[in-house]
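# Residue-level structural notes
Listed below are the residues making up each chain.
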Amino acid sequence: MTRGRFLKKIAREILGEDKASLIWGRIEIIGDIAVIRIPFELEPEELKPLAERILEEFKYIRSVWGGLPGVSGPYRLRPYVHLAGEKRSETIYREHGCLFKVDITRVYVSPTLNYEHRRIARLVRPGEVITNMFAGAGFFSIIAAKLSRPRKVYSIDVNPDAYRFMVENVRLNKVEGIVEPILGDAAQVIMEKLQSSSDRVLMPYPELALDYLRYAIMAIRNCGWVHVYLHIEADKGENPYEKAKNMVADALSELVKKYGFGTIRKVRTVKPRTYQIAVDVFIEK
Ligand SMILES: C[S@@+](CC[C@H](N)C(=O)[O-])C[C@H]1O[C@@H](n2cnc3c(N)ncnc32)[C@H](O)[C@@H]1O
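Residues numbered from 1 in each chain as written. Predicted model: local features only at pLDDT ≥ 70, side-chain atom pairs only at ≥ 80, totals over all residues. Heavy atoms only, no water.

A few words now on the pairing of strand 10 (residues 198-203). For strand 10, the buried fraction is high: 5 of the 6 residues fall into the buried class. Summarising the sheet, strand 10 and strand 11 (residues 220-233) pair through 5 bridges and their orientation is parallel. Paired with L202 across the bridge in strand 11 is H227. Since strand 10 and strand 11 lie parallel, the crossover through helix 8 (residues 213-219) that links them has a hand, and here it is right-handed. (Buried < 20%, exposed > 50% of the residue type's maximum accessible area, 1.4 Å probe, protein only. Helix = DSSP H or I, 4+ residues; strand = E, 2+ residues; numbered from the N terminus. Pairing = 2+ DSSP bridges. Right-handed = clockwise from strand over helix to strand, strands pointing away.)

Structure (C-alpha cells):
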C-alpha cells in the first residue's frame, strides 16, 4: 500500500469518513521527518493519533509534523505544528545522491521539486556559469554542480537561514569553489556584482519571477537560458502552457531583442486548477 493510501485508510478508521475526506492523501517524507497537511476544518490535536500510527508503521520516521495551510512571506515558509515523535524539525534529506541539511520550519523544502531539480541539472553544459536567483537551501545549485560540470553557480537567497543551510550543504556535498552562496536580494546582488556574468539563470520563485525577469536578463552574458517558474490559474478550456508562454512573451517583448521558447512543462498542481509551470526561454540581448 502506498503511503498516501495508508494515510487515507487510518484517517477513515480514526476520524470517520467525513473528516477523512478532508485529509490530503499524501505523506511527505523529508529525511526522517514525515509531514501531513492539516486542513482548515480540523484541529491539529485531531491528527495526533494518525501521526502516532505513521510512526509505528514507518520505522525510519522519527518525527511527524503537521503543515498548516498557506506558504507565506518572502521566505516562503509554511507554519508547522509538531504531532508525534521527536520534537525536531532539522534533518538530512537526500536527493539525486546529494545531502541537504534543512530545518523544515526555517527554509523552503518541497520533495515535489525533485524531478525538476534533476531536469535542470541535466540541461547544464560543462563550463557554464549559472545564477540561481532564489536558491533556498541550495537544491538546484548543488544538484547541478554534482550531476553536471558548471564552472560556477552563484546561488542567492534572501533568507539568512536558507543561506546558512546552503553554506553547510555546499560543504556536505564538496562543491566549494563551484557553488557560491550569496545572502541578499537577487535584484540587488545581480545589479551590484553579477551583470553579464551567466549562461543560465534560474528563477524558482513564481511570485517574483515576472517582476524580476529584467534582473535575470541583466545577469545573462550575451545570450543564454532563463528558467522562469510561474503559478498559472487555468479555467476549464484554458491552456495553462499557452497562458504561461504568453505571460513570459509579454514581459520579454520590452526587455530583449530576440527570444525563443524551449520546454514548457507542468512542475506540479498547486491547488485545484492552479499549476506551477516551468518556462525555458533562450534569450539574446
Ligand atoms: C520557492 S523557494 C525556492 C525553492 C528552492 N529553489 C528549491 O529548489 O527548493 C523561494 C526562495 O526565494 C527566496 N527569496 C524570496 N525573495 C527573494 C529575493 N528578493 N531575493 C532572493 N531570494 C529570495 C526565499 O527565501 C525562498 O528560499
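Additional details are given in the paragraphs that follow.
Here we come to the sheet that holds strand 13 (residues 274-284). Pairing within the open sheet is mixed, and its 7 strands lie in the order 9-8-7-10-11-13-12. The two strands at the open ends of the sheet, each matched to only one other strand, are strand 9 (179-183) and strand 12 (258-271). The average undirected angle you get between the axes of adjacent strands in this sheet is 15°. Note: strand 7 (residues 129-132) against strand 8 (residues 152-157), 4 bridges, orientation parallel. (Axes fitted to C-alpha atoms, helices over the stretch in contact; angles between N-to-C directions.)

The assigned domain composition of the protein is domain 1 (3-88) and domain 2 (107-284). Relative to domain 2, the C-alpha centre of domain 1 lies at a distance of 30 Å. On the side of domain 2, 11 residues touch domain 1, which itself brings 10 residues to the contact. The largest contributions to the domain 1 side of the interface with domain 2 come from I30, Y75 and R76, which together make up 58% of the buried area. Our count for the domain 1 to domain 2 interface comes out at 1 salt bridge. Across the salt bridge formed by R76 and E207, the nearest N and O atoms sit 3.0 Å from each other. Scanning the region where domain 1 abuts domain 2 turns up 1 residue pair in polar contact (both at pLDDT 80 or more). Of the residues in the side of domain 1 that touches domain 2, the class split is 6 nonpolar, 1 polar and 3 charged. (Domains from an automatic or database assignment. Contact = heavy atoms within 4.5 Å. Buried area = accessible area lost by both parts, 1.4 Å probe. Salt bridge = Lys/Arg side-chain N within 4 Å of Asp/Glu carboxyl O. Polar contact = N/O pair within 3.5 Å; in protein donor to acceptor, adjacent residues only side chain to side chain. Nonpolar A, V, L, I, M, F, W, Y, C, P; charged D, E, K, R; others polar.)

Moving on to the packing of helix 4 (residues 114-123) against helix 5 (residues 139-147). Taken N-terminus to C-terminus, the directions of helix 4 and helix 5 make an angle of 45°; their axes are 8 Å apart at the nearest point. With respect to helix 5, the element helix 4 is oriented oblique. For the crossing formed where helix 4 meets helix 5, the hand is right-handed. Of the residues in helix 5, those in contact with E116, H117, R118, I120, A121 and R122 of helix 4 are F139, F140, I143, A144 and L147. Of the residues assigned to the contact of helix 4 with helix 5, the class counts are 7 nonpolar, 1 polar and 3 charged. (Parallel < 35°, antiparallel > 145°, perpendicular 65-115°, else oblique. Left-handed = near helix turned anticlockwise from the far one by under 90°.)

It is worth spelling out the pairing of strand 5 (residues 90-95) at this point. Of the two faces of strand 5, the one holding T91, Y93 and E95 is buried and the one holding E90, I92 and R94 is not buried anywhere. For strand 5 and strand 6 (residues 98-103), the ladder comprises 6 bridges, and the chain directions are antiparallel. Residue T91 lies in a different strand from strand 6, and its bridge partner there is V102. Connecting strand 5 to the antiparallel partner strand 6 that follows it, the hairpin turn spans 2 residues, and H96 within it adopts a positive phi of roughly 50°.

Read across the open sheet, the 4 strands follow the order 1-2-3-4; overall the sheet is mixed. The open sheet has two free edges, formed respectively by strand 1 (28-30) and strand 4 (80-85), since each of these has just one partner strand. On average, each strand axis in the sheet is inclined to that of its neighbour by 30°, with strand direction left out of account. As paired strands, strand 2 (residues 33-37) and strand 3 (residues 63-67) are joined by 5 bridges and run parallel to one another. When the bridges of strand 3 are listed, I33 appears paired with S63. In the packing of helix 3 (residues 48-57) onto the sheet, the strands contacted are strand 2, strand 3 and strand 4, and the crossing angle to strand 4 comes to about 50°.

For the rest of this paragraph, the subject is helix 5. Summarising burial for helix 5: 7 of the 9 residues are buried, a large majority. Within helix 5 the residues assigned to the buried category are F139, F140, S141, I142, I143, A144 and A145.

Here we come to the environment of V167. Mapped onto the elements, V167 comes out in helix 6 (residues 160-172). On a C-alpha basis, the gap between V167 and P181 in space is 6.2 Å, while along the polypeptide they are 14 residues apart.

In this section: the site of the ligand. Around the ligand sit 22 residues in total, of which P74, H117, D157, D185 and A186 are the nearest. Here an oxygen atom of the ligand sits 2.7 Å away from a polar atom, N or O, in the side chain of H117. Here a nitrogen atom of the ligand sits 3.3 Å away from a polar atom, N or O, in the main chain of V158. Isolated, the ligand exposes 610 Å² of accessible area, and the fraction of that covered by the protein chains is 96%. Tallied by class, residues from the shell around the ligand come to 15 nonpolar, 4 polar and 3 charged. Residues from two domains meet in the shell around the ligand; each of domain 1 (3-88) and domain 2 (107-284) gives at least three. (Near = heavy atom within 4 Å. Areas by Shrake-Rupley, 256 points an atom, 1.4 Å probe, with all protein chains shown as cover.)

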